[in-house]
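What follows is the residue order along each chain.
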Amino acid sequence: MTDTITLTGIIATDPRVVTTEAGLDIASFRLASTHRRFDRVKDEWVDGDTNWYTVTAFRALGANAGQSLHKGERVVVLGRLRVRAWEAGDKSGTTVEVDADAIGHDLRWGRSAFVRSTSAAAAPLGSSEAAAGGAAGDAATSPGAESPASSSGGWATDGGPAVDEQAPSAAGTPGEAARHEPADAVDRVGVPPF
């Protein structure tokens, strides 16, 4: 049986990324999760106990977490819970670990910018291949061709780049402005700021 848990909390340590000899990326960090409740007597929110977790992410999730997450940021973590007893000499205790399946910033507390990883991520960002969003000559990313993302209503599919990753066909297109100026993009679509 798998114990799946969803946590919200603050990253207490900068993620540490280790790459094994086999090329497996492993990221780990400590997460502090504090329960808050409303005290009707004091008429204010008060902090409860803080639970501490060691969050571990593997493969692409680990590599992306190492580049995206920093100490002090609020995140949401979904993963499998493991509780282990340990002993070291005359000391003993219990550690609570989470093998993460998904990690993301908690957008209730701020904004985040998403950059989709591609299989061509090894190419330098300045190359024309990376600017086109994939391999040169790929029909899905060539100007004028319909990409899988645009044919699915703007949502990225497994077969191609997201709409905001496509090479702009003309300067000043909405996709280019949204990629570089998210605040302006929000104003243009009529979504009120918070």
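Below you will find a few notes about this structure. (Residues numbered from 1 in each chain as written. Predicted model: local features only at pLDDT ≥ 70, side-chain atom pairs only at ≥ 80, totals over all residues. Heavy atoms only, no water.)

### Digging into the pairing of strand β1 (residues 4–11)
Item 1. Pairing of β1 with strand β5 (residues 74–88) involves seven bridges; the strand directions are antiparallel. Its bridge partner lying in β5, Ile-5 is registered against Gly-79.
Item 2. Two elements, β1 and strand β3 (residues 25–39), share two bridges in a ladder whose sense is antiparallel. Across the sheet, residue Ile-11 finds its bridge partner in β3, namely Leu-31. (Pairing = 2+ DSSP bridges. Helix = DSSP H or I, 4+ residues; strand = E, 2+ residues; numbered from the N terminus.)

### Topic: the nonpolar core
Item 1. Ranked by size, the top nonpolar core spans 16 residues in total, and within it Leu-31, Val-55, Val-77 and Ile-103 carry the most contacts.
Item 2. Taken together, the elements giving at least two residues each to this core come down to β1, β3, β4 (44–58), β5 and β6 (91–105).
Item 3. When sequence neighbours within four positions are dropped, the list of residues in contact with Val-77 reads Ile-5, Thr-6, Leu-7, Leu-31, Val-55, Val-98, Ala-100, Ala-102 and Ile-103. (Core = buried A, V, L, I, M, F, W, Y, C linked by side-chain atoms within 4.5 Å. Buried < 20%, exposed > 50% of the residue type's maximum accessible area, 1.4 Å probe, protein only. Contact = heavy atoms within 4.5 Å.)

### Describing the packing of aromatic side chains
Item 1. One pass over the structure, following the stated rule, counts one aromatic pair.
Item 2. Lying across the ring of Trp-109, Arg-74 places its NZ or CZ 3.9 Å from the centre. (Phe/Tyr/Trp six-rings, centres within 6.5 Å; stacked < 30°, edge-to-face > 60°. Lys NZ or Arg CZ within 6 Å of the ring centre and 35° of its normal.)

### What to know about the pairing of β3
Item 1. Sheet analysis places strand β2 (residues 16–19) next to β3, joined by four bridges and oriented antiparallel. Bridge pairing links Arg-16 to Ser-28 in β3.
Item 2. Linking two consecutive strands that pair antiparallel, namely β2 and β3, is a turn of five residues; a positive phi of about 90° is found at Gly-23 within it.
Item 3. Examined bridge by bridge, β3 and β4 share 13 bridges and lie antiparallel to one another. By the bridge assignment, Ile-26 is partnered in β4 with Phe-58.

### Some remarks on the pattern of salt bridges
Side chains that carry opposite charge are capable of pairing whenever their charged atoms lie near each other.
Item 1. On inspection of all chains with the given rule, the structure shows six salt bridges.
Item 2. As a salt-bridge pair, Arg-80 and Asp-101 come within 2.5 Å of each other at their nearest N and O atoms. Taken together, the positions of Arg-80 in strand β5 and Asp-101 in strand β6 put the pair 21 residues apart, joining distant regions of the chain.
Item 3. Judged by its relative accessible area of 31%, Arg-80 falls in the partly exposed class.
Item 4. When salt bridges that share partners are traced, they join Arg-82, Arg-84, Glu-97 and Asp-99 into one network. (Salt bridge = Lys/Arg side-chain N within 4 Å of Asp/Glu carboxyl O.)

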